[in-house]
Amino acid sequence: MNLNSRLSRLCQSLAEKGLDGVFISQPENWYYLSGFDGSAGYLLITPQHRILATDFRYLEQAGSQAPDYEIFPISNDLAEWLPRLTADLDLKKLGFEAGHISFAFYRELTDVLKPSPLKLVPLSGLVETMRAVKEPEEIKLITEAAGIADSACAHAEEIIRPGISEQELAWEIEKFMREQGSQALPFDIIVASGPNSALPHTKPSPRPINPGEPVVIDIGARVSGYSSDLSRTLCLGKPDDNFNKVYTAVLGAQLAILAIMKEGMSGEEADAIARTVIEQAGYGPAFGHGLGHGVGLAPHELPRLGKGATEPLLPGMVFTLEPGIYLSGWGGVRIEDMVVMTKDKVNVISKARKVMT
Ligand code: ZN
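Within any chain, residue numbers begin from 1 and follow the written order of that chain's sequence. Given that the model is predicted, a residue must reach a pLDDT of at least 70 before its local features are reported, and side-chain atom pairs must reach 80 or more before they are shown or counted; all residues, however, enter totals for whole chains, interfaces and linings. Side-chain figures throughout are based on the complete set of non-hydrogen atoms in the structure, without hydrogens or water.

**Student:** Explain the sheet that holds strand S11 (residues 230-235) residue by residue, including any values.
**Tutor:** What links the strands of a sheet is backbone hydrogen bonding, and the strands pair in either a parallel or an antiparallel sense. Strand order in the open sheet formed by three strands is S7-S8-S11, with antiparallel pairing between adjacent strands. Since the sheet does not close on itself, it has two edges, and those belong to strand S7 (190-193) and S11, each with one partner. Direction aside, neighbouring strands of the sheet carry axes that sit 15° apart on average. Should any heavy atoms of two residues lie within 4.5 Å, those residues are counted as being in contact. In this analysis an axis means a line fitted to C-alpha atoms, helices contributing only their contacting stretch, and an angle means the value between N-to-C directions, from 0 to 180 degrees. Per the convention used, a helix needs a DSSP run of H or I reaching at least four residues, while a strand needs a run of E reaching at least two, with both numbered from the N terminus. Helix-sheet contacts for helix H7 (residues 136-159) involve strand S8 (214-219) and S11, and the interaxial angle to S11 is about 15°. The pairing criterion is simple: DSSP has to find at least two bridges between the two strands.

**Student:** Tell me what's going on with the coordination of the zinc ion, and back it up with residues and numbers.
**Tutor:** Around the zinc ion, the protein contributes the donor atoms Asp 229 (OD), His 293 (NE2), Glu 322 (OE) and Glu 336 (OE), at 2.1 to 2.4 Å from the metal centre. Each metal site is built from N, O and S donor atoms within 2.8 Å (3.2 Å for Na, K and Ca), and since water is not included, such sites may look incomplete. Only two sets of limits are used to name each site, 85 to 135 degrees for every angle of a tetrahedral four-donor site, and over 155 degrees for opposite donors with all other angles from 65 to 115 for a square planar four-donor or octahedral six-donor site, with any other site named irregular. Between the four donor atoms coordinating the zinc ion, the angles at the centre fall across 75 to 146°, so the site counts as irregular. All donors of the zinc ion come from a single chain, and their spacing in sequence reads D-x63-H-x28-E-x13-E. Taken together, the residues span a long stretch of sequence, with Glu 322 in the loop between strand S14 (318-321) and strand S15 (324-327) and Glu 336 in the loop between strand S16 (331-334) and strand S17 (337-341) at a distance of 14 residues. Accessibility here uses a 1.4 Å probe with only protein chains present; expressed as a share of the type maximum, an area under 20% marks a residue as buried, one over 50% as exposed, and anything in between as partly exposed. For Glu 336, a relative accessible area of 0% translates into the label buried.

**Student:** Kindly report on the packing of aromatic side chains, identifying the contributing residues and their values.
**Tutor:** Two aromatic rings from Phe, Tyr or Trp, using only the six-membered ring of Trp, form a pair when their centres are within 6.5 Å; if the ring planes differ by under 30 degrees the pair is stacked, by over 60 it is edge-to-face, and anything between is tilted. Overall, the coordinates contain seven aromatic pairs when judged by the stated rule. For the pair Trp 30 and Phe 36, a centre-to-centre distance of 6.3 Å together with 20° between the ring planes defines the contact as stacked. For the pair formed by Trp 30 and Phe 36, the shared burial category is buried. For the ring pair Phe 96 and Tyr 106, a centre distance of 5.5 Å and an interplane angle of 25° mean the geometry is stacked. One end of the pair, Phe 96, is in strand S5 (residues 93-97); the other, Tyr 106, is in helix H5 (residues 103-113), and 10 residues separate them in sequence. On the basis of relative accessible area, Tyr 106 is assigned to the partly exposed category, the value being 31%. We count a charge as sitting over a ring when the NZ of a lysine or the CZ of an arginine lies within 6 Å of the ring centre and within 35 degrees of the ring normal. In this arrangement the basic side chain of Arg 6 is found over the ring face of Tyr 32, its NZ or CZ atom lying 4.0 Å from the centre. Above the face of the Phe 287 ring, Arg 275 is positioned so that its terminal group lies 4.0 Å from the ring centre.

Have a look at this one:
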């Protein structure tokens, strides 16, 4: 990871906002900026200082994972350590991650810092925006995680049979991905069959899978902290009447956007292109979620692809394209691939096959 370049870009945006420093409390963000992957800590970054504050359980780990940082031991008592940490830094305006701390913690922060001249400034998406554009090394790890999900999908196709329950299939997939080298999975696997597949984010149930109905499988692996995200819709035996129609519309929407997508297009424009295909097939209202989302250290991160996402999509961004149609009482079809934006087109990262009957 290229920490120096990340930190200098961060300090540049702090300067643009007129801030002396930033207090980082979001775990993926502190990992991104320091390499420290412990479960408790904060970063305080100024143009002159890189400080990693953590408790005694992680001191040694912090020292070896974040050698560029000064390690500052902390306790549970914010009032005891935060004034000491900020005292010598001569800070007047300190940014904090407004979307990642609780109201209670914010109150504690302001109480503790009240006697000092330091002013807290809420920030949103500062590091997340940087994280949206991936470095080649990050794309390599995401591609590895995608490869594990691809193999797991092929494995699911091999072992799926009439009568196997959603839960059983989900567990087999999870076991397979862990055995293939995935870290703890980035999100709970979705295996949704028949009417259950009309619920985009349902949990696997004891329901046995029957021939002819859609089975939505949504899975991701994690490698060195980086996630993948993949959805396929299978059907055992001969699909029912709806299946081919719905599947063709979803696949058509995805292929349309894959063919047209290029640098500078916004998430909103991309969403509209895919949505038009689904609307023309007569299923407009049944595509109730956005077209996609960024994937990286978090399985859902920036950029967002959907209504209101007006920012341009940039080279190096990795995101999903996942149109879906959900028909209450019947079921749903979702096809989700991860892509990376390059100069003039997107490259598809996931390789799992798409026609699965
Ligand atoms: Zn997704």
